[in-house]
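Summary of the model geometry
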Amino acid sequence: MENFTYHNPTRILFGRGQIAGLAQEIPAGARVLLLAGGGSIRANGVHAQVRTALGDRVVQEFWGVEANPDYDTLMRAVELVRRERLEWILAVGGGSVLDGAKFVAAAAGHAGDPWEILTSAGAKATGALPLAAVLTLPATGSEANAAAVISRRAWREKLFFIHPSVFPRCSVLDPETTFSLPERQVANGIGDAFCHVLEQYLTHPADAAVQDEFAEGVLRILVREGPRTLAAPRDYAARANLVWAATWALNGAIGAGVPQDWATHMIGHELTALHGLDHARTLAVVLPSLLEVRREAKRAKLLQYGERVWGLREGSAAERVDAAIARTRAFYESIGLPTTLGAHGIPVSTAPEVARRLAARGMTQLGERGEVTPAVVEAILRRAA
Ligand code: NZQ
Ligand code: ZN
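A brief structural summary. Quick caveat, the model's predicted, so the values are computed rather than measured. (Residues numbered from 1 in each chain as written. Chains lettered and ligands numbered in written order. Predicted model: local features only at pLDDT ≥ 70, side-chain atom pairs only at ≥ 80, totals over all residues. Heavy atoms only, no water.)

This brings us to the packing of aromatic side chains. The tally for this structure, following the rule as stated, stands at twelve aromatic pairs. A centroid spacing of 5.6 Å and a plane angle of 65° characterise the contact between F14 and W244, whose relative ring orientation is edge-to-face. Residue F14 is located in strand β1 (residues 11-14), and its partner W244 is located in helix α9 (residues 236-249); the two are separated by 230 residues in the primary sequence. Exposure remark for F14: the relative accessible area of 29% places this residue in the partly exposed category. The exposure class assigned to W244 is partly exposed, which follows from its relative accessible area of 35%. Their ring planes at 40° and their centres at 4.9 Å tell us that F194 and F331 sit as a pair that is tilted. Of this pair, F194 sits in helix α7 (residues 183-201) while F331 sits in helix α13 (residues 317-334), and the two are 137 residues apart along the sequence. One exposure class covers both F194 and F331, and it is buried. (Phe/Tyr/Trp six-rings, centres within 6.5 Å; stacked < 30°, edge-to-face > 60°. Helix = DSSP H or I, 4+ residues; strand = E, 2+ residues; numbered from the N terminus. Buried < 20%, exposed > 50% of the residue type's maximum accessible area, 1.4 Å probe, protein only.)

Printed below as a string of structure tokens:
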């Protein structure tokens, strides 16, 4: 395993009724921007709980952050922060609202053009306003990481940035706030978290026992608790396990010091930018085909994954590799996430376009060993037709 620095500064308040704890987390007297999406938090009572916890602090609300949060929308929130001299950002919603809040927090005090925060992947970020979150959709891990993904529809772009200043100071994870999720979003969350684990695990062996066995544990939990919570959406125990598993899938712990392969996400972001597909649905399309195309490079880990996550012990190595990939594809299909472009009506002509777009961003060597070139990207998407 490589040397690493591991530091996750986000305090987690987990469980029923924990929104009330915001009263202690955000300083009394702070001027707060409450950032929200399209209205789900009003319908399910989360907004009322948040306002109670905030008491008599000065609060400005900004509604309308979209799924795949849009740059132009968020820049209006930045203007509000500047005009009203707001000091804290509170995100209440899913990953899109949290990511949007991170961008607003980083952009509000940014001296240059905030777009450069995204085009530099965070290298040009200089700091951020303090940020807290109430997460209502288990999926992205945004509640406990320093990443955000922002779309700019006007330019058909979707870019990420990472900067330590945007770790939430505190995140509330009350599984009951997720009971109102439509089945489609619960499934998206399971599929996203599953992919996050695989992209930090399914590379090549690094003799990292803690990271590997944690990752395998989280994968087994998603395979077991995912369908359980889909079948019984108001079962608190099942949903609580999904919420906590999704956080661990992308809070930095399983990825510390090990090779990583974010090619599926990078390709997926292009599919969202071009075709508007839900984030998790892009991953379900790309991941199984990526594993098929990259099966030799990932052979040792595919065998380990097959055995420890899917119990595959019979047959030749080649058969077990096949079976591990087939199980992955079947898992996505079983939770309602199609694994082909065709299922979404997307033509295979998108394959060279995605490859070209990634190349134009300098992403010509994706994957754990830089072997996912534009030609490989195209082959993966042709296979996903
Ligand atoms: O807008 P509202 O009305 O709140 O409705 C949302 C939205 O329509 C709804 N929703 C959320 N919580 C709900 C609820 N509906 C009912 N009850 C609730 N409790 O769900 C819809 C989707 O929400 P969204 O936040 O977009 O979903 P998700 O959490 O999957 O976030 C996806 C975004 O996160 C990015 C993706 O690229 C995408 O833009 N990602 C962020 C990452 C990170 N920060 O580390 C990593 C991920 O890989 C991902 O790329
Ligand atoms: Zn994701």
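Having seen the model, we can carry on.
The protein atoms donating to the zinc ion (ligand 2) are D192 (OD), H196 (NE2), H265 (NE2) and H279 (NE2), with metal-donor distances spanning 2.0 to 2.2 Å. Donor residues for the zinc ion (ligand 2) sit on one chain with the sequence pattern D-x3-H-x68-H-x13-H. Here D192, found in helix α7, pairs with H265, found in helix α10 (residues 263-275); they are 73 residues apart in sequence, far enough to count as distant. Grouping residues by exposure puts D192 and H265 together as buried. (Donors = N, O, S within 2.8 Å, 3.2 Å for Na, K, Ca; no water.)

A separate point is the pairing of strand β5 (residues 131-135). For a regular strand, side-chain orientation follows a simple rule: the groups alternate between the two sheet faces. With respect to burial, β5 is a largely interior element, five of its five residues being buried. Side chains of β5 alternate between two faces, with L131, A133 and L135 and A132 and V134 buried alike. Both strand β4 (residues 88-93) and β5 contribute to a ladder of five bridges, which runs parallel. Note on β5: the bridge partner recorded for L90 is A132. By the bridge criterion, three bridges tie β5 to strand β8 (residues 170-173) in an arrangement that is parallel. Its bridge partner being in β8, A133 is matched across the sheet by S171. (Pairing = 2+ DSSP bridges.)

Lining the immediate environment of ligand 1, one finds 33 residues, of which G38, S40, S96, H196 and H265 sit closest. Note that an oxygen atom of ligand 1 is positioned 2.7 Å from one of the backbone N or O atoms of G95. Considered on its own, ligand 1 offers 970 Å² of accessible surface; in the complex 88% of this is hidden by protein. The set of elements that each furnish at least two residues to the shell around ligand 1 consists of α5 (95-107), β6 (147-152), α7 and α10. Broken down by class, the residue content of the shell around ligand 1 amounts to ten nonpolar, 20 polar and three charged. Taken domain by domain, the makeup of the shell around ligand 1 includes at least three residues from each of domain 1 (11-177) and domain 2 (183-383). (Near = heavy atom within 4 Å. Polar contact = N/O pair within 3.5 Å; in protein donor to acceptor, adjacent residues only side chain to side chain. Areas by Shrake-Rupley, 256 points an atom, 1.4 Å probe, with all protein chains shown as cover. Nonpolar A, V, L, I, M, F, W, Y, C, P; charged D, E, K, R; others polar. Domains from an automatic or database assignment.)

The six strands lie next to each other as β1-β8-β5-β4-β2-β3, forming an open sheet whose pairing is parallel. The open sheet has two free edges, formed respectively by β1 and β3 (59-62), since each of these has just one partner strand. Sheet twist, expressed as the average angle between the axes of neighbouring strands with direction ignored, equals 15°. The sheet contact formed by strand β2 (residues 32-36) and β4 spans five bridges and is parallel. Paired with A36 across the bridge in β4 is V92. (Axes fitted to C-alpha atoms, helices over the stretch in contact; angles between N-to-C directions.)

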